[in-house]
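A closer look at the structure
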Amino acid sequence: MATPLVRVLGVGVVGVALLTVYCALTTPTVLCLTVLVVLWAVYRWERRRAAGTVPLNDKHVLITGCDTGFGCGLAKRLHELGCHVIATVLRPDGQGARDLRDVSSSRMTVQPLDVSSDKSVEECLRVVKNICSNTGLWGLVNNAGVQSVGDLELTTMSQYLRVANVNLFGMVRTTRAFLPLIRQAKGRIVNVSSVKGRVSTPRSAAYNISKYGVETFSDIVRLEMHQFGVKVIIIEPGQFGGIKDIENLKRLEKDFQDMWTEASDVVKEMYGQQHLQKLLQAVEADRGNGYPTMTPVITAMTTALTSGDPDLRYLIDGSNKLFDKFCVLIRLKSYISDRLLDQLTLSLFPYSIEK
């Protein structure tokens, strides 16, 4: 518990900090900062305009995870732009694969791919080499991923490993496999991360760990491939729907059942089975809080593939509320202390164990 002296000193630190900012904000300072911001905005706009855009009508782009969501939407968008799309799916007989095949175009190839399987990645690589061995692969969009919800102590080790094997190591597999073709075309690698790749919140340890790995893996690939003209871009969607479809909800229910079955007696006593039931209800209630369309994310992905001067990261606000809480935390993270960030995070995402 903080002593009166600690509380007084804390107020003093905040007060002096605010006073320092107030004293620094003289008219010349504000004017210079305003001019600097305007000049930077004009510079970025002119630089992008001068760089132009890359036409896709002679390019090949491979996208993982096209069964639903961002992957399926991006495949259709790129096809409309004249791109040769290799849309990979986990379920070749699923609705997403059927929808993409219905495009009935020589520029749309639907290919089975399980990014968690070395054999499946090798087979996909063989097919892709036959398609674009002469031109190389302009774009690899690592979009495949699985969602996960659960307290760190309740989440089973098999669930941690499953999520990482798809979200992180699946990306490592595909990047390593297709990198020679990307290098040949001096192309792009677009890695779909998440706001949770840069900000931590309760009840999502398995997912957050995998996305934090995506961030640093992407940075390393960008540094190592810079000399070859390969660009690496990270997409960080905010709140865009969460766990919406029935299939994922059923899988989540199964995950919670496995959590309870494998939990030790001590953990069961600590949390109580009602804790998981409340968490499932919270996930179901959160289904409608995401941004109503996927368009902003698909647009950012398309820009990453077509801009002559793409950003290194695209943070995309979602949510159907006034603001995206995750994106707010990311933007504040570099300017406030870890302790203050923890307090703000817990105020936005309350966490408690109620038996």
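Residues numbered from 1 in each chain as written. Predicted model: local features only at pLDDT ≥ 70, side-chain atom pairs only at ≥ 80, totals over all residues. Heavy atoms only, no water.

Overview of the sheet that holds strand S6 (residues 231-237)
- Strand order in the open sheet formed by 7 strands is S3-S2-S1-S4-S5-S6-S7, and the pairing between neighbours is parallel. Strands at the two margins of the open sheet, each flanked by one partner only, are strand S3 (108-112) and strand S7 (313-316). Sheet twist, expressed as the mean angle between neighbouring strand axes with direction ignored, is 15°.
- In this structure, S6 lies alongside S7, joined through 4 bridges in parallel fashion. Residue pairing for S7: Glu236 is matched across the bridge by Leu315.
- The sheet strands contacting helix H3 (residues 69-80) are strand S1 (60-63), strand S2 (84-89), S3, strand S4 (139-142) and S6, and the helix crosses S1 at an angle near 165°. (Pairing = 2+ DSSP bridges. Helix = DSSP H or I, 4+ residues; strand = E, 2+ residues; numbered from the N terminus. Axes fitted to C-alpha atoms, helices over the stretch in contact; angles between N-to-C directions. Contact = heavy atoms within 4.5 Å.)

Quick look at the pattern of salt bridges
- Under the defined criterion, the tally for this structure stands at 16 salt bridges.
- Measuring nitrogen to oxygen at the nearest pair gives 2.8 Å for the salt bridge that ties Asp309 to Arg47. Of this pair, Asp309 sits in the loop between helix H12 (295-306) and S7 while Arg47 sits in helix H2 (residues 27-51), and the two are 262 residues apart along the sequence.
- Note on Asp309: relative accessible area 10%, which makes it buried.
- A salt bridge links Arg251 to Asp255; its shortest N-O distance comes to 3.2 Å. (Salt bridge = Lys/Arg side-chain N within 4 Å of Asp/Glu carboxyl O. Buried < 20%, exposed > 50% of the residue type's maximum accessible area, 1.4 Å probe, protein only.)

Thoughts on H3
- Under the 1.5 Å per step criterion, the end-to-end length of H3 is 17 Å for 12 residues, consistent within 8% with the ideal 16 Å.
- Every buried residue of H3 is listed here: Phe70, Gly71, Cys72, Gly73, Leu74, Ala75, Leu78 and His79.
- Just downstream of H3 lies Gly82, where phi reads positive at about 90°. (Expected span 1.5 Å × (residues − 1).)

Topic: the side chain of Thr64
- Position of Thr64 among the secondary structure elements: in the loop between S1 and H3.
- Among the polar contacts listed, one links the side chain of Thr64 to the backbone nitrogen of Asn143, at a separation of 2.8 Å.
- Within the structure, the side chain of Thr64 is placed 2.9 Å from the backbone nitrogen of Ala144, a separation counted as a polar contact.
- Leave out the neighbours within four places in its chain, and Thr64 touches Thr88, Leu113, Val115, Val141, Asn142, Asn143, Ala144 and Thr174. (Polar contact = N/O pair within 3.5 Å; in protein donor to acceptor, adjacent residues only side chain to side chain.)

So, the packing of aromatic side chains
- All told, the structure shown has 4 aromatic pairs when counted by the stated rule.
- On the numbers, 5.4 Å between centres and 35° between planes, the contact of Trp40 with Tyr43 is tilted. Here Tyr43 and Trp40 lie together in helix H2, a separation of 3 residues that amounts to about one turn.
- Aromatic side chains Phe70 and Phe240 sit 6.3 Å apart centroid to centroid with 75° between the ring planes, which places their arrangement in the edge-to-face category. Of the two residues, Phe70 sits in helix H3 while Phe240 sits in the loop between S6 and helix H9 (246-262), which places them 170 residues apart along the sequence. Of the two residues, Phe70 and Phe240, neither departs from the other in class, the shared state being buried.
- These aromatic residues form a ring-pair network of at least three members: Phe70, Phe240 and Tyr291.
- Its end group placed over the ring of Trp138, Lys59 keeps NZ or CZ at 4.5 Å from the ring centre. (Phe/Tyr/Trp six-rings, centres within 6.5 Å; stacked < 30°, edge-to-face > 60°. Lys NZ or Arg CZ within 6 Å of the ring centre and 35° of its normal.)

Side note on the pairing of S2
- A large share of S2 lies buried, amounting to 5 of its 6 residues.
- The pairing of S1 with S2 spans 4 bridges and is parallel. Paired with His60 across the bridge in S2 is His84.
- Between the parallel pair S1 and S2, the chain is carried across by H3, and the sense of this crossover is right-handed.
- Of the pairings in the sheet, the one linking S2 to S3 comprises 5 bridges and is parallel in character. Paired with Ile86 across the bridge in S3 is Thr109.
- The β-α-β motif built from S2, the intervening helix H4 (residues 95-101) and the parallel element S3 has right-handed crossover chirality. (Right-handed = clockwise from strand over helix to strand, strands pointing away.)

So, unusual backbone geometry
- Phi at Ser104 takes a positive value of approximately 50°, unusual for a residue other than glycine.
- In this fold, Ser104 is placed in the loop between H4 and S3.
- One non-glycine residue, Arg203, lies in positive phi territory at about 70°.
- Residue classification places Arg203 among the partly exposed residues on the basis of a relative accessible area of 25%.

Details of the nonpolar core
- Counting 33 residues, the largest nonpolar core has Ile63, Leu78 and Ile235 as its most contacted members.
- Looking at which element gives the most residues to this core, the answer is H12, with 6 residues. (Core = buried A, V, L, I, M, F, W, Y, C linked by side-chain atoms within 4.5 Å.)

A closer look at the pairing of S6
- Burial of S6 is extensive: 6 of the 7 residues sit out of reach of the surface.
- Sheet topology places strand S5 (residues 188-192) next to S6; 5 bridges connect them, and they run parallel. Bridge pairing in S6 places Val192 opposite Ile235.
- Once the chain exits S5 it traverses helix H8 (residues 205-225) before rejoining the sheet at S6, and the crossover so formed is right-handed.

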